[in-house]
Amino acid sequence: MNASEVRIVEVGPRDGLQNEKTLLPSDVKIALIDRLSTTGLKTIEATSFVSARWVPQLADADEVFRKIRKVPGVGYPVLVPNEHGYRLARTAGATEVSVFTAASEAFNRANINATIAESLQRFQPVLERAKADGVKVRGYVSTALGCPYQGEVPVADVVRVAKSLYEMGCYEISLGDTIGVGTPVKARAMLHAVAQEIPIHALAVHFHDTYGQALANILACLDEGVRVVDSAVSGTGGCPYAKGATGNVASEDVVYMLHGIGMQTGINLDLLVATGAWLAAQLNKPTASRVTKARTTA
Ligand code: HMG
Ligand code: MG
């Protein structure tokens, strides 16, 4: 990847939908992923194999994963919280998974009913099996810039958790501003600190746009050298265990900015906008993407 190329990790079908109260039919989720697969995206997080009691929206993970069209050259990682989820994901045919924990204890308890240490223990067998199976594992660190329960999260805690995931064998660590409270200087400093321990090419940033800071934060992190950015088409999303957190930064807005500053994503913005507008209609709510709004409002 050259320095002006950015890989977008589209998390809309998973992070975007997991908090939607109205259950979307599986066919719509499949159509969403199939549409995204035509846009030039290289990574689409398709669903999660978590407890349906905890995240009812994604209870159809098996069906969705089996039925999506797997386009060669596109990766379709799925979220797994433990070995049970890993087994289900593999049975459905997944070849890439993501594990997730947080830099704050209180958030982890609410999100996965475990301490940070316990969550890392749960991942150990997942990483061992994945290694044996030739499955790539991504790791998420949530609450990297603030926690809904604890407030401030020390950067040292983010570094420690990210390093543990990397040392366990995660090929990429996504640093998540789960509740979207970060600002550019702080985001960059956090990334800089983590990059002292983990090569920058193995880091990704994941911003929610609660306070409207996501694009500014991404720009600051690009300046620091990151080249992998998570986002969700139409800006959907939020975490069920992060009250008040709004959606992920919209993929359309990130791609527009990146192309505007001369960076390449390989993504066709028109197709992405059409997909974002289509999804907003399916969800029966206005798009949160400024670009899609600008391009589709008469
Ligand atoms: P628990 O209730 O503490 O665990 O849940 P348990 O081991 O006692 O299991 C309870 C039941 O769940 C059992 O079934 C298990 O078999 C079943 P029962 O015997 O009661 O019928 N179970 C499962 N079912 C399906 N798939 C599984 C699975 N594991 C156990 N994998 C658990 C613990 C981790 C399962 C639960 O807390 C959970 O599923 N949490 C998921 C929460 C979640 O998905 N949150 C959103 C994703 S994180 C996020 O959005 C942040 C991110 O975007 C980055 C950022 O923004 O910062 C990644
Ligand atoms: Mg998220």
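Residues numbered from 1 in each chain as written. Chains lettered and ligands numbered in written order. Predicted model: local features only at pLDDT ≥ 70, side-chain atom pairs only at ≥ 80, totals over all residues.

## Some remarks on the overall build of the protein chain
Then step 1. A tally of regular secondary structure across the protein chain gives 12 helices and 9 strands.
Then step 2. In summary, the protein chain has a C-alpha radius of gyration of 17 Å against a globular reference of 19 Å for 298 residues, a match within 12%.
Then step 3. Dimensions of the protein chain, computed from C-alpha atoms along their principal axes, come out at roughly 50 × 40 × 35 Å.
Then step 4. Split into buried and exposed, the 298 residues of the protein chain put 52% on the buried side.
Then step 5. Partitioning the intrachain contacts of the protein chain with sequence separation of at least 6 by distance along the chain shows that 72% fall at a separation of at least 24. (Helix = DSSP H or I, 4+ residues; strand = E, 2+ residues; numbered from the N terminus. Rg over C-alpha atoms; globule rule 2.2 N^0.38 Å. Buried ≥ 20, exposed ≤ 12 C-beta atoms within 10 Å, placed from the backbone. Contact = placed C-beta atoms within 7 Å.)

## Observations concerning the site of ligand 1
Then step 1. Residues in contact with ligand 1 amount to 25 residues; listed here are only the nearest, Val 50, Gly 85, Asn 113, Ser 142 and Gly 176.
Then step 2. At the level of secondary structure, the elements contributing two or more residues to the shell around ligand 1 comprise helix H4 (83–92), helix H5 (105–112) and strand E6 (136–142).
Then step 3. If one sorts the elements of the shell around ligand 1 by residue count, H4 sits on top with 3 residues.
Then step 4. Classifying every residue of the shell around ligand 1 gives 12 nonpolar, 12 polar and 1 charged. (Near = placed C-beta within 6 Å. Nonpolar A, V, L, I, M, F, W, Y, C, P; charged D, E, K, R; others polar.)

## Some points on the UniProt feature "domain: Pyruvate carboxyltransferase" (unreviewed entry) in the protein chain
Then step 1. UniProt's feature table lists "domain: Pyruvate carboxyltransferase" (unreviewed entry) at residues 6–273, given in the numbering used throughout.
Then step 2. Split by type, residues 6–273 is 41% helix and 15% strand. Its first and last C-alpha atoms lie 18 Å apart. (UniProt positions renumbered as here; feature names shortened; annotations may be inferred.)

## Some words on helix H6 (residues 116–133)
Then step 1. Counted at 1.5 Å a residue, the expected span for H6 with its 18 residues is 26 Å, and the 25 Å between its end C-alpha atoms agrees.
Then step 2. The largest bend in H6 amounts to roughly 25 degrees and is located at Phe 123, with the proline Pro 125 lying one to four residues further along.
Then step 3. Listed in full, the buried residues belonging to H6 are Ile 116, Ser 119, Arg 122, Phe 123, Val 126, Leu 127 and Ala 130.
Then step 4. Considering only its buried residues, H6 is in contact with H4, strand E5 (96–102), H5, E6 and helix H7 (155–168).
Then step 5. Positioned one or two residues after H6, Gly 134 has a phi angle of 70 degrees, which is positive. (Expected span 1.5 Å × (residues − 1). Bend = angle between axes of the 7 residues up to and from the residue.)

## Side note on unusual backbone geometry
Then step 1. In the Ramachandran plot, Asn 113 falls in the positive-phi region, its phi being about 55 degrees despite a non-glycine side chain.
Then step 2. On the secondary structure map, Asn 113 appears in the loop between H5 and H6.

## Section: the environment of Thr 38
Then step 1. On the secondary structure map, Thr 38 appears in the loop between helix H2 (26–36) and strand E2 (43–44).
Then step 2. When the C-alpha atoms of Thr 38 and Gln 57 are compared, they prove to be 24 Å apart, with 19 residues separating the residues in sequence.

## A look at the packing of H4 against H6
When two helices pack together, their arrangement is given by the angle between the helix axes and the distance between those axes.
Then step 1. Their axes nearest at 9 Å, the elements H4 and H6 cross at an angle of 30 degrees. Accordingly, the angle class assigned to the pair H4 and H6 is roughly parallel. Handedness of the crossing formed by H4 with H6: right-handed. Across the interface between the two elements, Glu 83, Tyr 86 and Arg 90 of H4 pack against Pro 125, Val 126, Arg 129 and Asp 133 of H6.
Then step 2. Taken together, the residues of the contact of H4 with H6 sort by class into 3 nonpolar, no polar and 4 charged. (Axes fitted to C-alpha atoms, helices over the stretch in contact; angles between N-to-C directions. Parallel < 35°, antiparallel > 145°, perpendicular 65-115°, else oblique. Left-handed = near helix turned anticlockwise from the far one by under 90°.)

## Details of the pairing of strand E8 (residues 203–207)
Then step 1. The element E8 is largely enclosed, with a buried count of 5 among its 5 residues.
Then step 2. Neither face of E8 is exposed, since Leu 203, Val 205 and Phe 207 on one face and Ala 204 and His 206 on the opposite face are all buried.
Then step 3. Note that strand E7 (residues 172–177) and E8 share 5 bridges and pair parallel. Bridging across to E8, Gly 176 finds its partner in His 206.
Then step 4. With respect to chirality, the unit in which E8 leads through helix H9 (residues 214–224) into the neighbouring parallel strand E9 (residues 228–231) is right-handed. (Pairing = 2+ DSSP bridges. Right-handed = clockwise from strand over helix to strand, strands pointing away.)

## A look at the environment of Phe 100
Then step 1. Structurally, Phe 100 is set in strand E5.
Then step 2. Since 23 C-beta atoms lie within 10 Å of it, Phe 100 is described here as buried.
Then step 3. For the pair Phe 100 and Gly 139, spaced 39 residues apart in sequence, the C-alpha separation works out to 5.7 Å.
Then step 4. Each residue touching Phe 100, except ones within four places of it in the same chain, is listed here: Leu 79, Pro 81, Tyr 140 and Ser 142.

## Some thoughts on the sheet that holds E2
Then step 1. If you walk across this open sheet you meet the 9 strands as E2-E1-E9-E8-E7-E6-E5-E4-E3, and the pairing is parallel. On the outer flanks of this sheet lie E2 and strand E3 (47–48), each paired with one strand and no other.
Then step 2. Examined bridge by bridge, E5 and E6 share 7 bridges and lie parallel to one another. Residue Thr 101 lies in a different strand from E6, and its bridge partner there is Val 141.
Then step 3. Its contacts with the sheet put H9 on E7, E8 and E9, and the angle it makes with E8 is roughly 165 degrees.

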